[in-house]
There are 4 protein chains.
Amino acid sequence: MAGSTFGTIFKITTWGESHGKALGVVIDGCPAGLSLCEDDIQIYLNRRKPGQSSITTPRKEADSVEILSGVFEGKTTGTPISLLVRNTSQKSSDYSEIASYYRPGHADYTFDAKYGFRDYRGGGRSSGRETIGRVAAGAIAAKILKEMGITVMAYTHSIGPISADLSNFDKDAIFTTATCMPDRLADAKATAYLQECMQQKDSSGGIVECMVQGLPAGIGEPVFDKLDANLSKAVMSIGAVKAVEIGDGVLVSSAKGSENNDAFVADNQSVSKKTNHSGGVLGGISDGADLILRAHFKPTPSIFSKQETVNKSGENIEVEIKGRHDPIIVPRAVVVVESMTALTILDACMLNMSTRIDYLKNFYHK
Amino acid sequence: MAGSTFGTIFKITTWGESHGKALGVVIDGCPAGLSLCEDDIQIYLNRRKPGQSSITTPRKEADSVEILSGVFEGKTTGTPISLLVRNTSQKSSDYSEIASYYRPGHADYTFDAKYGFRDYRGGGRSSGRETIGRVAAGAIAAKILKEMGITVMAYTHSIGPISADLSNFDKDAIFTTATCMPDRLADAKATAYLQECMQQKDSSGGIVECMVQGLPAGIGEPVFDKLDANLSKAVMSIGAVKAVEIGDGVLVSSAKGSENNDAFVADNQSVSKKTNHSGGVLGGISDGADLILRAHFKPTPSIFSKQETVNKSGENIEVEIKGRHDPIIVPRAVVVVESMTALTILDACMLNMSTRIDYLKNFYHK
Amino acid sequence: MAGSTFGTIFKITTWGESHGKALGVVIDGCPAGLSLCEDDIQIYLNRRKPGQSSITTPRKEADSVEILSGVFEGKTTGTPISLLVRNTSQKSSDYSEIASYYRPGHADYTFDAKYGFRDYRGGGRSSGRETIGRVAAGAIAAKILKEMGITVMAYTHSIGPISADLSNFDKDAIFTTATCMPDRLADAKATAYLQECMQQKDSSGGIVECMVQGLPAGIGEPVFDKLDANLSKAVMSIGAVKAVEIGDGVLVSSAKGSENNDAFVADNQSVSKKTNHSGGVLGGISDGADLILRAHFKPTPSIFSKQETVNKSGENIEVEIKGRHDPIIVPRAVVVVESMTALTILDACMLNMSTRIDYLKNFYHK
Amino acid sequence: MAGSTFGTIFKITTWGESHGKALGVVIDGCPAGLSLCEDDIQIYLNRRKPGQSSITTPRKEADSVEILSGVFEGKTTGTPISLLVRNTSQKSSDYSEIASYYRPGHADYTFDAKYGFRDYRGGGRSSGRETIGRVAAGAIAAKILKEMGITVMAYTHSIGPISADLSNFDKDAIFTTATCMPDRLADAKATAYLQECMQQKDSSGGIVECMVQGLPAGIGEPVFDKLDANLSKAVMSIGAVKAVEIGDGVLVSSAKGSENNDAFVADNQSVSKKTNHSGGVLGGISDGADLILRAHFKPTPSIFSKQETVNKSGENIEVEIKGRHDPIIVPRAVVVVESMTALTILDACMLNMSTRIDYLKNFYHK
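Summarised in this report is the structure supplied together with it. Bear in mind the structure is a predicted one, so any value in this text is a computation, not a measurement.

Comments concerning unusual backbone geometry
Phase 1 of the analysis: Positive phi, normally seen in glycine, also occurs at Cys-180 of chain A, with a value near 65°.
Phase 2 of the analysis: Residue placement: Cys-180 of chain A occurs in the loop between α5 (171–176) and α6 (184–199).
Phase 3 of the analysis: By relative accessible area, which is 14% here, Cys-180 of chain A ends up buried.
Phase 4 of the analysis: Non-glycine residue Lys-201 of chain B carries a positive phi angle of around 55°.
Phase 5 of the analysis: Mapped onto the elements, Lys-201 of chain B comes out in the loop between α6 (184–199) and β10 (206–213).
Phase 6 of the analysis: Lys-201 of chain B gets classed as partly exposed once you look at its relative accessible area, which sits at 41%.

A short note on the interface of chain B and chain A
Phase 1 of the analysis: Taken together, the contacts link 108 residues of chain B with 107 residues of chain A.
Phase 2 of the analysis: Between chain B and chain A the total buried area reaches about 8500 Å² when both faces are included, carbon and sulfur atoms providing 58% of it.
Phase 3 of the analysis: Among the residues chain B hides against chain A, the three largest losses belong to Lys-114, Phe-224 and Lys-242 of chain B. Together they make up 11% of the total.
Phase 4 of the analysis: Counting the contacts that link chain B with chain A gives six salt bridges.
Phase 5 of the analysis: Among the salt bridges present, the one from Lys-274 of chain A reaches Glu-308 of chain B, with a minimum N-O distance of 2.9 Å.
Phase 6 of the analysis: Between the two partners, chain B and chain A, sit 53 residue pairs in polar contact (both at pLDDT 80 or more).
Phase 7 of the analysis: Top contributing element to the side of chain B that touches chain A by residue count: helix α3 (residues 108–115) of chain B, with seven residues.

Digging into the packing of aromatic side chains
Phase 1 of the analysis: For the structure shown, the criterion picks out 36 aromatic pairs over all chains.
Phase 2 of the analysis: Relative to Phe-169 of chain A, the ring of Tyr-155 of chain A has its centre 4.9 Å away and its plane inclined at 80°; by these criteria the two rings are edge-to-face. Placement of Tyr-155 of chain A in strand β8 (residues 151–159) and of Phe-169 of chain A in the loop between β9 (162–163) and α5 is noted, with a sequence separation of 14 residues between them.
Phase 3 of the analysis: Relative accessible area serves as the criterion here: at 0%, Tyr-155 of chain A is assigned to the buried category.
Phase 4 of the analysis: On the numbers, 4.8 Å between centres and 70° between planes, the contact of Phe-363 of chain C with Tyr-364 of chain C is edge-to-face.

Some thoughts on the relation of the copies chain D and chain C
The operation relating the two chain copies consists of a rotation about an axis and a shift along that axis.
Phase 1 of the analysis: Mapping chain D onto chain C calls for a rotation angle of 180° and an axial translation of 0.0 Å; the resulting RMSD is 0.0 Å. The transformation just described matches what one would write down for a two-fold rotation axis.
Phase 2 of the analysis: The share of interface residues of chain D whose copies in chain C are also at the interface is 99%, consistent with both copies meeting through the same surface.

A word on the interface of chain D and chain C
Phase 1 of the analysis: Across the contact, 108 residues belong to chain D and 107 residues belong to chain C.
Phase 2 of the analysis: Taken over both partners, the interface formed by chain D and chain C buries close to 8500 Å², and the fraction arising from carbon and sulfur atoms is 58%.
Phase 3 of the analysis: Here chain D and chain C share six salt bridges between them.
Phase 4 of the analysis: Counting across the interface, chain D meets chain C through 52 residue pairs in polar contact (both at pLDDT 80 or more).
Phase 5 of the analysis: Top element by residues in the side of chain D that touches chain C is helix α3 (residues 108–115) of chain D. It accounts for seven residues.
Phase 6 of the analysis: Counted by class, the side of chain D that touches chain C contains 45 nonpolar, 41 polar and 22 charged residues.
Phase 7 of the analysis: Here three bridges tie strand β11 (residues 241–246) of chain C to strand β11 (residues 241–246) of chain D, and the two strands are oriented antiparallel to one another. The residue of β11 of chain D that forms the bridge with Ala-243 of chain C is Glu-245 of chain D.

A word on the environment of Gly-123 of chain C
Phase 1 of the analysis: Inspection of the secondary structure puts Gly-123 of chain C in the loop between α3 (108–115) and α4 (131–147).
Phase 2 of the analysis: Along the sequence, Gly-123 of chain C and Ser-53 of chain C sit 70 residues apart, while their C-alpha atoms lie 23 Å from each other.

A look at the relation of the copies chain B and chain A
Phase 1 of the analysis: The transform that puts chain B on chain A rotates by 180° and translates by 0.0 Å along the axis, for an RMSD of 0.0 Å.
Phase 2 of the analysis: By residue overlap, the copies meet face to face through one surface: 99% of the interface positions of chain B are interface positions in chain A.

Looking at the sheet that holds strand β7 (residues 81–86) of chain D
Residue and element names in this part refer to chain D.
Phase 1 of the analysis: Read from one edge to the other, the open sheet built from five strands follows the order β1-β2-β3-β7-β4, with strand pairing classed as antiparallel. Pairing within the sheet leaves two strands with one partner each, and these edge strands are β1 (5–6) and β4 (65–67).
Phase 2 of the analysis: As paired strands, β4 and β7 are joined by three bridges and run antiparallel to one another. Note on β7: the bridge partner recorded for Glu-66 is Leu-84.

With respect to α4 of chain C
Phase 1 of the analysis: In a regular helix each residue adds 1.5 Å, so 17 residues correspond to 24 Å; α4 of chain C covers 24 Å between its end C-alpha atoms and thus fits that length.
Phase 2 of the analysis: By the criterion of burial, α4 of chain C is predominantly enclosed, with 14 of the 17 residues buried.

Each value, and the rule that gives it
- Residues numbered from 1 in each chain as written.
- Chains lettered and ligands numbered in written order.
- Predicted model: local features only at pLDDT ≥ 70, side-chain atom pairs only at ≥ 80, totals over all residues.
- Heavy atoms only, no water.
- Helix = DSSP H or I, 4+ residues; strand = E, 2+ residues; numbered from the N terminus.
- Buried < 20%, exposed > 50% of the residue type's maximum accessible area, 1.4 Å probe, protein only.
- Contact = heavy atoms within 4.5 Å.
- Buried area = accessible area lost by both parts, 1.4 Å probe.
- Salt bridge = Lys/Arg side-chain N within 4 Å of Asp/Glu carboxyl O.
- Polar contact = N/O pair within 3.5 Å; in protein donor to acceptor, adjacent residues only side chain to side chain.
- Phe/Tyr/Trp six-rings, centres within 6.5 Å; stacked < 30°, edge-to-face > 60°.
- Least-squares fit on C-alpha atoms with pLDDT ≥ 70 in both.
- Nonpolar A, V, L, I, M, F, W, Y, C, P; charged D, E, K, R; others polar.
- Pairing = 2+ DSSP bridges.
- Expected span 1.5 Å × (residues − 1).

Here it is in structure tokens:
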């Protein structure tokens, strides 16, 4: 099991390499009767496209999606939805050189160690293009959640040392700025910082935050499949993520119980919380508050300054990576985090439908 | 699927509530021929026992394990190993009161929201006692890994504001101090800090770090089942964990590529790295360096100071929690993190055995 | 994965050997709120007990079940239900001899081939006692299905050459005759036939049929997880089953389409079928008619006449098996087939709850 | 989980409808380093093509396969292999009529009952064309097994009342006759019988038998994932199969133990069996003898004679099905049974690689 399948009921299987013929995903377990067309998916794919600003690679990728199955007369049929994105603008020539050595910070060495050889063109399966399948499937999951009254929204929380001020959240800016920050002032500072990185032939890390709103209390399973455990896997499985936080995240380890506990309050029978240090999850189950998670992305490993490494003949060499690379992964990863979150939440909502005997009796009219 | 099963080939299923008759685990997929006796498991369980120092609850729990199946004449048979731990010293009376309201920071409210009611005695399934099954199974996984030359070691990295100095790592201290810190000086400071917390009727969070040594390069699957993704799920599924870091973790988001990349070096054909910012994982696959992860635990939610909350009749009330509770979860959670890590690593090693056609041909003698 | 887990949402994990300390099962994913006590389960276990007639082994097995978790104040909590049955009356002495050779028709040789050695006492994990976990879990699944208006009923269809006359079906006879046939005349003939087998130191095979009533149309998944495919696995996984039939079963291969097709008929908007050659499944999905399956059991391999085999030193020898063995497996297997069917049907019903977008919207009140 | 995924380590996910844009499969977990090209797969797909004889529909289907991922420089990379077959010659017009009613013996009614509507064109997902993905994946599994010394061979055992004489097995005939029988005399009789069926506007059922040779003893898991249980699911999941037999199959229910047991014999340390009533499986684990299974296929439900059924308005009507249909499913299903068997056997062989502690130690060089 090479682990290209994710989810239990809403189950996706992604495939494809950076410079192969195509990439895609099969979504199995999508409920029947959902209106779905290629535009619903293309809108999401466009959010991860490069070449859209001064801080992403000028590399152009069409990435237009084709629905091959599972949709009939504009509606999902309940059978697998196969989505295809042809690779069009990949220039393998750019990459032929790296066949001979291991790029620092990349998976070249580990793929060789595991499989004995690798498709070295653009990183093959370990390329950022692998996320196309995740995003295409995530677009469908997000659409279903929306019909259920649940919205998933990710944005850039910080880039290098510059963080967005979330106290005056500018939602529109997420979709219109190059950094996808909900704060135009921070966006300007971050853009300047990234240009500086580029001049230094360097790259930067950053943080993506994701918020789920409208999620009812009671979603998630109590032990190994805790909602936050599955979200951590979902988000950590995105290339370049090295840390995942839920709610207050790393701050909890230096906090005291009196600071960290969220007080419950009742307002005519409806229970809510005064604060949300928990980030919307208690004991692995949603508590009705906004669900908040953060993913820490490492800097793009492909930098143009000189680096030490090893070639396949086992010699120590110095390299300067060529090609077209983003100085930061984060802005294009925002929609990937949003997608993985949507996939995880939807699957948990489906699994929750059979957790009480009354649910079964009502469904089967007894 | 209430998600009480973990793993693909080495698969465990845990069960049991804090104040039920017993807790346990079934390990399915354990290889045949391993020498195994109850002591192998008891040693691990003893590491999570309370009542062993001034900074854990005086509550006594015998927690002695019984092997019910899967072992014959001192060796595992390859069939499921069922492990049982009877609940002996639980006093339900201590808990009857909390049946009526939702403890802040606990899963009382979310369990009611999900299931319609809950076993309120000591938190039921959401109690820390749920980890008994994880640790019993982890002891077996760790023993197998050891025979494969792979060691897993967790320890307390920090408690509240006090961190261990890992530069002069005192392994012995992990097993002999109350805090499980590999640094006796930090242990003394942390113990003082915790006593202060207790006087303030408060509790503290902390960090557990885990290191895997001897892990060959090539372990882990490249997309959704990345080694670090599965480890994140494994560790985040432990109650009270709110953040997981791999290698440099949260630091990567403010780092530059030139700082974060690890240079490869060759020493007569064997490839290694000059640094280990990656924490031993590149592209979701082990890179041959030590694997490093950190889990951030929130403070024990059961604190004795007055708190606001809601009762089951939907009224706002003030409560003061009674009973016997640890001022910190971390020291007893060290072996739980170690166990979840061992389970994840072993399963990944098993899955890796069929990843090349030559492996199959060699195994089946062709 | 030693494959001791069955089901996707309603998931069971069985464990235990014939002569180990105990056998049991963990049921994960049982909906919360079901009234459940040990008697609900014991009634099923009693149906597979030996020593109840002249045609079963005089061996006595108490097989009394203990609920260890997942039930609180008489109701299931939604967390794993652990069921334990202690082995009390096993005499290992009876079996010590067979440690040295491979019994024809048994799994002795294949276990050694797989694992390198085996727990030879009473067949260890391959003993009929392994079904205790299946039946204990099946009792719970059947109880849930009953609350949903679905009943599962298995009975002996034939023993050796003697078949029950199903045209005048005597339900009461299933539970009161030694053969579990719904036909007292056939029961008498079959009993005589079995006594003859015993005199000849021989054993007999037979057929168990199972009928599911009240199952709505639409249950089952269309491709690999067809309802009849999952039922085939469920039933074929019972030791000694060598063939599974759905509806007309083996007869379809010699039939013509005009004979085999079931005509649909409408009676004010409700659709039914004039005949039921399909056995209630079309395209892997229930069609609203009674679901019918048959399992063919081989004769008990333990016979007392002289047999040729091989010992562990690789020598050809002749053996005469001692001990206490049933001349037929079927009567005690009836409840096992019923249990495996109930587990499969319930799991399919749970998976069906998220197959339409409207189901999700209604459940989440949108 | 719409159940379009099969296998644990060697995992396939199929998708596509009869008259959609395309059909395909994603194979995840294929070992790296296998030589693979489109011809390896096309050879298998050609075996299920129609229009190749007087007894299959004149309908032409190109069904040419494209490898989209997972193969680099002629070798598998270990990452998912995506295979695509475009639908070219489907005439939806032929099917528009059947949108309005439920064809007897087809899944039209059950799909509507499950999903609320269906892609009625050529049966959509329930069409025989769904098997294209199974066969494409099966071709790869069979190639890997061959390199391991294991061969899988299916053939037509009988058609209606005519059975092949297996005592003088003509392997060549399987690939050169229209019926795929290993007996040219039976092929001639069966062809005549089928022409008679066609004249009567009727169709016929038949039996496919599959034999696995070179399978070592010890493959398969002992309880729910018995080798024969997984094979039963694999084969019963093929549309139109209503019964599965292993070894002597249905005959065992009327046999006696003295007839059914296979005696073991030793020939300098190598153990074999004198007979093979078990069909190569004992206790769910391969016993080293040839593995034998049979699948009983119902007659093609699409017959041209008048039939009674119901239309979507709930009225009783009479219909005469038009279009181009095979008078029998069996000859084209032979390669499907072979493929599902190969997929199941390979996955079981992979799972078997971690069943002993020594296997892990040897693999990891300890």
